[in-house]
Amino acid sequence: MEDAQVVELLVRRCIAGDAAAWEEIVQRFNRRIYNICYRFAGSPTDAEDLTQDVFIKVYRTMASYDGERASFNTWITTVTRNLLVDHFRKTKNDRITDSIDAAPGESEDALPLSDRLEDTGPAPDAHLERRETRELVQAALQKLSPELREAVILRDLQDMDYKEIAQALRVPEGTVKSRINRGRAELARLLQRTYRQVM
Amino acid sequence: MYGESKSGMQCAEFDLLMTDAIDGLLTGDQLSRFEQHKTACPTCSAMFAEAEAGLHWLGQLEEVDPPVNLARNIVLATSGLANEGARASLRSVVNTTPGRPLWDRMRDAFSPRTIWDHVRGTARAIFSPMATPRFAMSAGMAFFSLSMVFTVSGVKISDLRNLDLTPRNLTRTYYATEARAVKYYENIRLVYEIESRVRELRRAASTSSVEPEQENKQKNKQDQKSPKENEQRQYQNFSRQDSASVVIATFDPGESVIGESARQRRKL
Ligand SMILES: [Zn+2]
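Since this is a predicted model, take the numbers as computed values, not measurements.

Calculation notes
- Residues numbered from 1 in each chain as written.
- Chains lettered and ligands numbered in written order.
- Predicted model: local features only at pLDDT ≥ 70, side-chain atom pairs only at ≥ 80, totals over all residues.
- Heavy atoms only, no water.
- Axes fitted to C-alpha atoms, helices over the stretch in contact; angles between N-to-C directions.
- Helix = DSSP H or I, 4+ residues; strand = E, 2+ residues; numbered from the N terminus.
- Parallel < 35°, antiparallel > 145°, perpendicular 65-115°, else oblique.
- Left-handed = near helix turned anticlockwise from the far one by under 90°.
- Contact = heavy atoms within 4.5 Å.
- Nonpolar A, V, L, I, M, F, W, Y, C, P; charged D, E, K, R; others polar.
- Salt bridge = Lys/Arg side-chain N within 4 Å of Asp/Glu carboxyl O.
- Buried < 20%, exposed > 50% of the residue type's maximum accessible area, 1.4 Å probe, protein only.
- pLDDT = per-residue confidence, 0-100.
- Donors = N, O, S within 2.8 Å, 3.2 Å for Na, K, Ca; no water.
- Tetrahedral: all angles 85-135°; square planar, octahedral: opposite > 155°, others 65-115°.
- Buried area = accessible area lost by both parts, 1.4 Å probe.
- Polar contact = N/O pair within 3.5 Å; in protein donor to acceptor, adjacent residues only side chain to side chain.

J.: What is the right way to read the packing of helix H2 (residues 19-41) of chain A against helix H8 (residues 146-157) of chain A from this model?
T.: Packed helices, taken two at a time, are described by the angle between their axes plus the distance between the axes. Residue and element names in this part refer to chain A. Relative to each other, H2 and H8 sit at 140°, their axes nearing to 10 Å. One element, H2, and the other, H8, form an angle in the oblique class. Crossing angle aside, the handedness with which H2 passes H8 is right-handed. Facing Ile-36, Arg-39 and Phe-40 of H2, the residues of H8 in contact are Pro-146, Arg-149, Glu-150, Ile-153, Leu-154 and Leu-157. A per-class count over the contact of H2 with H8 returns six nonpolar, no polar and three charged.

J.: Help me understand the pattern of salt bridges in this model?
T.: Between side chains of opposite charge, a pair can form as their charged atoms come close. In total, this model carries 18 salt bridges over all chains according to the counting rule given. Two residues, Glu-13 of chain B and Arg-33 of chain B, come together in a salt bridge whose shortest N-O distance is 3.3 Å. Residue Glu-13 of chain B is found in helix H1 (residues 11-22), and its partner Arg-33 of chain B is found in helix H2 (residues 28-40); the two are separated by 20 residues along the sequence. In this structure Glu-13 of chain B comes out as partly exposed when scored by relative accessible area, which is 28%. Residue classification places Arg-33 of chain B among the buried residues on the basis of a relative accessible area of 18%. Each of the salt bridges in this network shares a partner with another, and the network as a whole consists of Asp-3, Glu-24 and Arg-28 of chain A.

J.: Just checking my understanding: could you explain the environment of Leu-169 of chain A for this structure?
T.: Position of Leu-169 of chain A among the secondary structure elements: in helix H9 (residues 162-169). Separated by 15 residues in the primary sequence, Leu-169 of chain A and Leu-154 of chain A have C-alpha atoms spaced 9.9 Å apart.

J.: What is the right way to look at unusual backbone geometry in this model?
T.: Peptide bonds are mostly trans, and most non-glycine residues show a negative phi. All names here are of chain A. In this model, Asp-159 sits at a positive phi of 60°, which is unusual for a non-glycine residue. Positionally, Asp-159 belongs in the loop between H8 and H9. The backbone of Arg-170 sits at a positive phi, close to 60°, despite the residue not being glycine. Its place among the elements puts Arg-170 in the loop between H9 and helix H10 (173-198).

J.: When you look at the confidence of the model for chain A in this model, what are you seeing that I'm missing?
T.: Regions with low pLDDT should not have their predicted coordinates read in detail. With 80% of its residues at a pLDDT of 70 or more, chain A shows a mean pLDDT of 84. Note that residues 96-122 of chain A has pLDDT below 50 and, in this model, 23 contacts with residues that lie over four places away or in other chains.

J.: Honestly, the coordination of the zinc ion in this entry has me stumped. Any pointers?
T.: When a metal holds four donors in a tetrahedron, each ideal angle between them is 109.5 degrees; when it holds six in an octahedron, the ideal angles are 90 or 180 degrees. All names here are of chain B. Looking at the metal site, the zinc ion is ligated by Cys-11 (SG), His-37 (NE2), Cys-41 (SG) and Cys-44 (SG), spaced 2.1 to 2.3 Å from it. Taken together, the four donor atoms coordinating the zinc ion and their angles of 101 to 114° define a geometry best described as tetrahedral. Sequence spacing among the residues donating to the zinc ion works out to C-x25-H-x3-C-x2-C. With Cys-11 in helix H1 and Cys-44 in helix H3 (residues 42-58), this residue pair connects regions lying 33 residues apart in the sequence. With relative accessibility at 31%, the residue Cys-11 sits in the partly exposed group. Cys-44 gets classed as buried once you look at its relative accessible area, which sits at 8%.

J.: So what exactly am I meant to see when it comes to H9 of chain A here?
T.: Every α-helix winds through 3.6 residues per turn, so residues three or four apart in the chain are directed the same way. All names here are of chain A. By the criterion of burial, H9 is predominantly enclosed, with six of the eight residues buried. Among all positions in H9, only Tyr-162, Glu-164, Ile-165, Ala-166, Ala-168 and Leu-169 are buried. In the segment just after H9, Arg-170 is the residue with positive phi, at about 60°.

J.: Looking at this structure, how should I read the interface of chain A and chain B?
T.: It is common to give the size of an interface as the accessible area that goes away when the parts come together. If you look at the interface, chain A gives 47 residues, while chain B gives 38 residues. A buried area of about 4100 Å², summed over both sides, lies between chain A and chain B, and 61% of it is on carbon and sulfur atoms. A per-residue breakdown of the area chain A buries against chain B is headed by Arg-31, Asn-181 and Arg-184 of chain A, which together make up 15% of the total. One can count seven salt bridges joining chain A with chain B. The interface formed by chain A and chain B holds 11 residue pairs in polar contact (both at pLDDT 80 or more) in total. For the side of chain A that touches chain B, the secondary-structure elements that each account for two or more residues are H2, helix H3 (44-61), helix H7 (130-143), H8 and H10 of chain A. A total of 13 residues in the side of chain A that touches chain B trace back to one element, the largest contributor, which is H10 of chain A. Split into classes, the residues belonging to the side of chain A that touches chain B amount to 19 nonpolar, 10 polar and 18 charged.

Spelled out as structure tokens, the structure:
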């Protein structure tokens, strides 16, 4: 049996109230959802909370899943994506209040790495470690608009095909491709700028 | 000259084909037209180079490992949704439904079934590693309602005095777990609300027994001491007795601290 079929079966069992099937679904998908959330939100704690929220939502709305219209993988991506966009809107509004009542030290953590590097001037080391590179890329990803960010995450980090992404984001395939192009290009521009400052 | 070139490819078509070109999926005539436009159009060729670079950068990001307990926590959280009214009943208590009077909600909360659910909820909150604010609050609420029931059934309302019901204590766990207060603001508000009711209760119980005595004493003193001295004493009394209610008062815009102290003075 193919993977997708196995999942479909699991979903059906789960809707029928099979707890073991639900556990299997959680086991199969938590890593993927966590990674999407982590790359989108940029913080491990937020990613953990968001992943839990995604599964709670999935659990509650499982009965509305229609296997004819989209694969379960696409459907769970849509749920994730909708929660992420909500989260983004909320945190954008919270930023003002956060600066007032956030615990000390936390605000510094929330700063993208490139911002911190910009503040401290050129780094002493000419060569950045691989780990630091990853942090820079993640920080740059955070600066992309949500619609470009989600597009490149789903394509370049999650390896979804354009059709699936179009279904998950509910936009035409052409729009998906255009967003991916712009997302990648914008990311490169941001990183070039950061690197010029760091080196 | 470039852009809309002789080969017929427009920038929009180039944009549409760019992902496929990067994926290496273009062939034949389509590929040559694509390459032609790329050489001819500086805008598109710059975009292409940047997109390729961006993809390269993204390739640096590896998949990360989720926290070890994530899957288990999710299953725990969702199995909670399936089999119990605990969460639902707690939610009905914790979320302040504006329309419903507080005592109605309290009465529901203190039914034997709900109490048992609260106990289960507390146990789960303590033993599961999900130390989310929501769970910390549930535990706090469960503890609070239990102590209430025991105290009330013992008909010794004055014992409430010994309970540590300061808002700070109830909410400390919550704030320690997470700094973002906005999300669970409603929960906190209810705790405050309940507490102020309890304090009213407490005061009602104490005013009947303590106040007349105090009033007498003060009347005697008033005869003996100068008015200024007397006023000072009243302030001391105020700060000793009602220090806790000040916290509540500051939370309720309708009842300011100043109003409280003024009333106190008028009374004495
Ligand atoms: Zn062009």
